[in-house]
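Observations on chain architecture
Given next are the chains, with one letter for each unit.
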Amino acid sequence: MNEPMVIPIQAYLIVSTLLFAIGLMAVLTRRNAIAVLMGIELMLNAANINFVVFWRYGGGQGMEGLVFAITVIALAAAEAAIALAIILNVYRRFKTVNVDQINLMRG
Amino acid sequence: MIGSLWNVIWNSVFSGSFWYPLAFVCLSLGVLIPAVLVALSRNMVHAALWLLPCLVSVAGLYLMLGAELLAGIQILVYCGGIVVLILFAVMLTHGLGDPDVRVHNQQLLWGVVAAMAVAGVVLRLLSQEIWQSGPPVAVSEVTGRLADALLGPYVLAFEVVSVILLAALIGSIVIARGDAAPEPGADDSDAEAGE
Amino acid sequence: MTGRMVLLQALLTEHYDLFLIPGLPFLAALVIAGFCLRPPRERLAPALLIPALTGSLILSVRALAEVGREGVPLTVSYAWLWVGSARLDIGCLADGLSCVMLVVVCTVSLLVQIYSIGYMKGEIGYGRYFAFMSIFSGSMLGLVISDNLLQTYIFWELVGICSYLLIGFWYRRPSAAAAAKKAFVVTRFGDLGFMVAIILIFSQKWWTFNFQQIAGMAHGGNIAAAAATPLALLLFCAAVGKSAQFPLHIWLPDAMEGPTPVSALIHAATMVAAGVYLVARCYALFAIAPVALFVVALIGAITLFLAATMGVAENDIKRVLAYSTISQLGYMMMALGVGGYVAGVFHLTTHAFFKALLFLTAGSVIHAIHTNDMWKMGGLGKRMPITAVTCLLGALALAGIFPLSGFWSKDEILSAAWFSHLPGHWFFFAAGLVTVFLTAFYMFRLWFLTFAGEPRSEEAAHAHESPWVMGGPLVLLAALAVVAGGLKCLVPGTGHGFGAVVGTGHGEEAVSHAAMALSILAALAGIGLAWAAYRARLVSPAAFNARFPAVHALLKNAWYFDQGWRWFATRVVLAGSGLAAWFDRHVVNGMVDGVAWLSGWASRQLRTAQTGQVQFYAIVLTAAVVAGLLAVLAREASLLQLFQVRP
């Protein structure tokens, strides 16, 4: 870790941006609710990369970036558990996990 | 825009150490290509499995950035926990790919456009601003300091997260049990009538 | 000083006992309504009301004596509620005018209640009757003793509703129900004026509802005549409705559907006089509004003449008395209008006694033979001597024969008209004089038809005198009707004459001996004509009717006022209402419906946005974020500048 960092911050940010966009695309376009959940996980990972990058390039003194990242991972785990439970319940009730077929709230 | 950005990256790759940027490029591709496959793959089990290299590559990026503990957590929680959970869910819900069924909804085009628009706007911001962060200072004792921070100034957040985890644990059990608890109410009969 | 002594002192000096005067009957009403409505206990109802009224009478007499002696009004007042910075009071004002009215109301009410014990015996709803009568007595006393217009208005409406309830006492009889509704609706026209007057006063810069303050400001010249005139006219409007003046007099004859004691108390002696009382109470306002005074006099003159002519052709004994009441109220109004304040109030007092007496004698007759038609009576003088004699005394008093009470008061009114400074005061005097003749004629027509001659029906031939519980009040009222004229010289207990007691600040009135002589002559002429037509058969009314059928039809139909109002109500009002209803249905309602339709249409368009598709919402969200970021980029060229981050 002591060799000079030659990778500019933009490189990491581009990767995280693209990851976020791919996750978003999955959320917006996949029919399967589990796939949508996977998209959300991708977006969370993109955000996490940003936290760590800014921690590292922001001087590495404070620990906020890492604390946030750990919190996000923990919450992502909780969210995944809850979401999958909901999906199972929905599947039992509607016999489908296709998000576009679940429109009880249609106006 | 993208061209100037590419120049920055290209210059940095060939002006400094060679292997270090190479590792970065490999990891980046290891993040993005499986991610695209996750978003596009017809088979849900494949999609869930494609998550694995993606998340592992993210852990590699963490390593490059000097966050060893976080990389470990990423592997443990994501690869060991969430992905397995998702695989279970896929298997429990007839999620296995049926080639005749559409995997994308009717707003596929607009969804892609929206995602690309977000990426475009953010990339434009990245190319526009001057990110004078400079080379990061050397860090040491990251894990120890992180532990101090978590149990020191951020202990409240830490405890709240643990409570949330507990609540999520109980909540997901209750939700997933669903109709297992026999309730002689209108709800059950409704559900059966719906079927 | 201990708290109890402070309280005691306050009780002694602040005249809180004035609240008891209307309070006692209200208390009686509460107990009667709570415990004495049903048969076994309803016999107790008069035993509650009569002591309460006796208490009120004693307190009123005491107040009158104190006011008469000291010459200073007794007042007590509470802040009732605050509206913004405006304070509304509830209080009592006992000056000469209200004390005299209090005593009159208590006396008549007490005697009528005693009479009612006999008259209403065995009626279904005996307890209800006394409950209503208690509320009425309390409300009437409250109206009289109020020290401000708003409180007066409250009690004004309370006596109105009591009148409605008691006219419709026999509510199973359709004519009674209709009469009650008619009375209620017609008086409402006038009451509207009262309410507008109150609102108008409240909108003035000097606003106050207190009678003494209003009078003080009117005397002090703080109220412009331009403001006083509409106020006085609006208040007079209320008086016209309540006191059954032309053209709203039509409800009073129909109100005779109620029990006769009710007619005696409410529709002869007290409530209908409330209009006159209101004008007297606000006389300071009228005094600075000559136009309003002239209108009062004119309406009074028209009413007294018209009502007297209607009474001439009426065959129902109670309706004759009702027309007579309207006519006498017209006298009072005319007296107030021509400046005879004391004369008007004095006539109110004496009239209360002799007209209550006349109604009670009529009730006695009706009780005996169960009909109102005078042509089925006759010869009752021999069988009902007490009734006949007391009725004769009442009729003489009403006709204004010396030295009975009616002579003194009516004479004062004619004198006031004689000496008045109003334009056309000779017309008022002439109307009053002609009506003296008519009054004497219709009253003695009534008396001769009822008590003289031979019985004209089976019931009349076998009539019996009423019991003493009814006869006693008749005798007492007859005595009052005879001697009440003496009040002119001395009100007992005060040491002053009537004028000095009630007429503070309105001056003494001169008496014209010529007017006196003319009025006695006119009255004697009326009595003589009645004797000639209905007793001695020297002239034939039938021949007169055959000769002038148009006149007879006109009088018989009470100048076609009911028909006129009906035409007005069914044609003019209904046509106007139809127009308003069309406007409401198609324009107002159309606008409302249009707004509803528009929002419904917009909602139907908007609900298509609610697809129920979560991913659609997400894409809209994303689009909005992108649009927001683009807008920021277009303006700021740098997100960091927006967040004030220094690179």
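Residues numbered from 1 in each chain as written. Chains lettered and ligands numbered in written order. Predicted model: local features only at pLDDT ≥ 70, side-chain atom pairs only at ≥ 80, totals over all residues. Heavy atoms only, no water.

1. With respect to the overall build of chain C
For the record, the criterion: Each helix is a run of DSSP H or I of at least 4 residues and each strand a run of E of at least 2, with the numbering of both proceeding from the N terminus. Any two residues whose heavy atoms approach within 4.5 Å at even a single point are treated as in contact.
Within chain C one finds 30 helices and 2 strands. For chain C, contacts bridging at least 24 residues in sequence account for 79% of all contacts bridging at least 6.

2. Considering the interface of chain B and chain A
Many authors give the size of an interface as the accessible area that is lost as the parts come together. Counted only if it meets this: Within this document, salt bridges are pairs made up of a side-chain nitrogen of Lys or Arg and a carboxyl oxygen of Asp or Glu, the two lying within 4 Å of each other. Identification of polar contacts relies on pairs of N or O atoms within 3.5 Å, with a donor-acceptor requirement for protein atoms, meaning one able to donate a hydrogen and the other able to accept it, and with residues adjacent in sequence counted only if both atoms are side-chain atoms. Ten residues, namely Ala, Val, Leu, Ile, Met, Phe, Trp, Tyr, Cys and Pro, are considered nonpolar, four, namely Asp, Glu, Lys and Arg, are considered charged, and the remaining ones, Gly among them, are considered polar.
Contact with chain B, which involves 90 residues of that partner, is made by 74 residues of chain A. Linking chain B with chain A are 0 salt bridges, by the criterion used here. Joining chain B to chain A, the criterion identifies 13 residue pairs in polar contact (both at pLDDT 80 or more). Elements represented by at least two residues in the side of chain B that touches chain A include exactly helix H1 (2–15), helix H2 (19–40), helix H3 (44–64), helix H4 (68–92), helix H5 (108–128), helix H6 (142–151) and helix H7 (155–177) of chain B. No other element matches H4(B), which puts 12 residues into the side of chain B that touches chain A. Considered class by class, the residues forming the side of chain B that touches chain A number 66 nonpolar, 18 polar and 6 charged.

3. Quick notes on the interface of chain A and chain C
Worth spelling out the cut-off: Summed over both partners, buried area is the accessible surface (1.4 Å probe) that two parts give up on being assembled.
In this complex, chain A contributes 13 residues to the contact, which on the side of chain C involves 10 residues. Between chain A and chain C, the buried area comes to about 910 Å², and carbon and sulfur atoms account for 52% of it. Where chain A touches chain C, the interface holds 0 salt bridges. Counting the contacts that link chain A with chain C gives 2 residue pairs in polar contact (both at pLDDT 80 or more). By residue number, the principal contributor to the side of chain A that touches chain C is helix H1 (residues 9–29) of chain A, which donates 4 residues. Here the residues of the side of chain A that touches chain C are counted per class, giving 7 nonpolar, 3 polar and 3 charged.

4. Thoughts on helix H4 (residues 45–70) of chain C
Short version of the rule: An expected span of 1.5 Å times one less than the residue number is assigned to each helix.
Helix length check: H4(C) (26 residues) gives 38 Å between terminal C-alpha atoms against 38 Å at 1.5 Å per residue, within 8%. Positive backbone phi, at 75°, marks Gly71(C), one or two positions downstream of H4(C).

5. Describing the environment of Tyr442(C)
Residue and element names in this part refer to chain C. With respect to the helices and strands, Tyr442 occurs in helix H21 (residues 425–451). If sequence neighbours within four positions are ignored, Tyr442 has contacts with Ala308, Gly311, Val312, Val320, Ser324, Ser327 and Gln328. A polar side-chain atom of Tyr442 sits 3.1 Å from a polar atom in the side chain of Ser324.

6. Section: a positive patch on the surface
All names here are of chain C. Here is the rule: Patch construction takes residues with relative accessible area above 30% that form no salt bridge. Like charges are linked within 9 Å, and nonpolar side chains (Val, Leu, Ile, Met, Phe, Trp, Tyr) are linked within 5 Å. Here the open area of atoms and residues is found with the Shrake-Rupley method and a 1.4 Å probe, where only the protein chains shown may cover a residue. Charge counting treats Lys and Arg as positive and Asp and Glu as negative, with His and both chain ends excluded. A charged residue contributes its charge at one atom only: NZ of Lys, CZ of Arg, CG of Asp or CD of Glu. Three exposure classes are used, based on accessible area relative to the maximum for each residue type with a 1.4 Å probe and protein chains only: buried under 20%, partly exposed in between, and exposed over 50%.
A surface patch of positive charge is lined by Lys382, Arg383, Arg456, Arg535 and Arg537. Position of Arg383 among the secondary structure elements: in helix H18 (residues 380–383). Overall, Arg383 belongs to the partly exposed group, its relative accessible area being 37%.

7. Overview of unusual backbone geometry
With the exception of glycine, most residues fall at negative phi, and the peptide bonds are largely trans. All names here are of chain C. Following Phe246, the chain continues into Pro247 via a peptide bond in cis, with omega recorded as 5°. Structurally, Pro247 can be placed in the loop between helix H10 (225–242) and helix H11 (251–254). Backbone geometry places Ala244, a non-glycine residue, at a positive phi of 55°. Judged by its relative accessible area of 0%, Ala244 falls in the buried class. In this structure, Arg537 is a non-glycine residue whose phi angle is positive, near 60°. Within the secondary structure layout, Arg537 lies in the loop between helix H25 (513–534) and helix H26 (541–547).

8. Examining the pairing of strand E2 (residues 86–94) of chain C
All names here are of chain C. As a reminder, the rule being used: Strands are labelled as partners when DSSP assigns at least two bridges between them.
Bridge count between strand E1 (residues 74–83) and E2: 9 bridges; the pairing is antiparallel. The residue bridging Leu81 from the neighbouring strand is Leu88, located in E2. Hairpin geometry of E1 and E2 is characterised by an intervening segment of 2 residues between the two adjacent antiparallel strands and by a positive phi of about 65° at Gly84.

9. Some words on the confidence of the model for chain C
As a reminder, the rule being used: A residue's pLDDT is simply how confident the predictor is in it, with values from 0 to 100.
For chain C, per-residue confidence averages 86 on the pLDDT scale, and 95% of positions sit at 70 or higher. Overall fold confidence (pTM) sits at 0.65, and the ipTM for the predicted complex is 0.87.

10. So, the side chain of Ser457(C)
By secondary structure assignment, the location of Ser457(C) is in the loop between H21 and helix H22 (458–461). At 2.6 Å, the side chain of Ser457(C) forms a polar contact with the backbone oxygen of Lys376(C).

11. Examining the nonpolar core
Going by this rule: Here the nonpolar core consists of buried residues drawn from Ala, Val, Leu, Ile, Met, Phe, Trp, Tyr and Cys, with membership extended through side-chain atoms lying within 4.5 Å.
Leu149(C) and Phe286(C) are the most contacted members of the largest nonpolar core, which has 212 residues in total. The element contributing the most residues to this core is helix H17 (residues 341–369) of chain C, with 18 residues. What Phe286(C) contacts, discounting residues up to four positions off in sequence, is Ala232(C), Leu235(C), Phe236(C), Val279(C), Ala292(C), Leu293(C) and Val296(C). Ranked by size, the runner-up nonpolar core spans 89 residues in total, among them Ile34(A), Ile49(A), Tyr78(B) and Leu126(B).

12. A short note on the side chain of Thr303(C)
Residues and elements named next belong to chain C. Mapped onto the elements, Thr303 comes out in helix H15 (residues 290–312). Among the polar contacts listed, one links the side chain of Thr303 to the side chain of Gln245, at a separation of 3.5 Å. Ignoring any residue separated from it by four or fewer positions in sequence, one finds Thr303 in contact with Ala244, Gln245, Phe246, Ile326, Ser327 and Gly330.

13. Some thoughts on the packing of helix H2 (residues 33–57) of chain A against helix H3 (residues 64–94) of chain A
All names here are of chain A. The criterion, for reference: To get an axis, fit a line to the C-alpha atoms, keeping to the stretch in contact for a helix; angles then go from 0 to 180 degrees between the N-to-C directions. An angle below 35 degrees is read as roughly parallel, one above 145 as roughly antiparallel, one from 65 to 115 as roughly perpendicular, and any other as oblique.
It is at 9 Å that the axes of H2 and H3 come closest, and there the two elements cross at 175°. Classed by the angle they form, the pair H2 and H3 counts as roughly antiparallel. Only Gly65, Leu66, Phe68, Ala69, Val72, Ile73, Ala76, Glu79, Ala80, Ala83, Leu84 and Ile87 of H3 make contact with H2, whose side of the interface consists of Ala33, Ile34, Leu37, Ile40, Glu41, Leu44, Asn48, Phe51, Val52 and Trp55. Taken together, the residues of the contact of H2 with H3 break down into 18 nonpolar, 2 polar and 2 charged.

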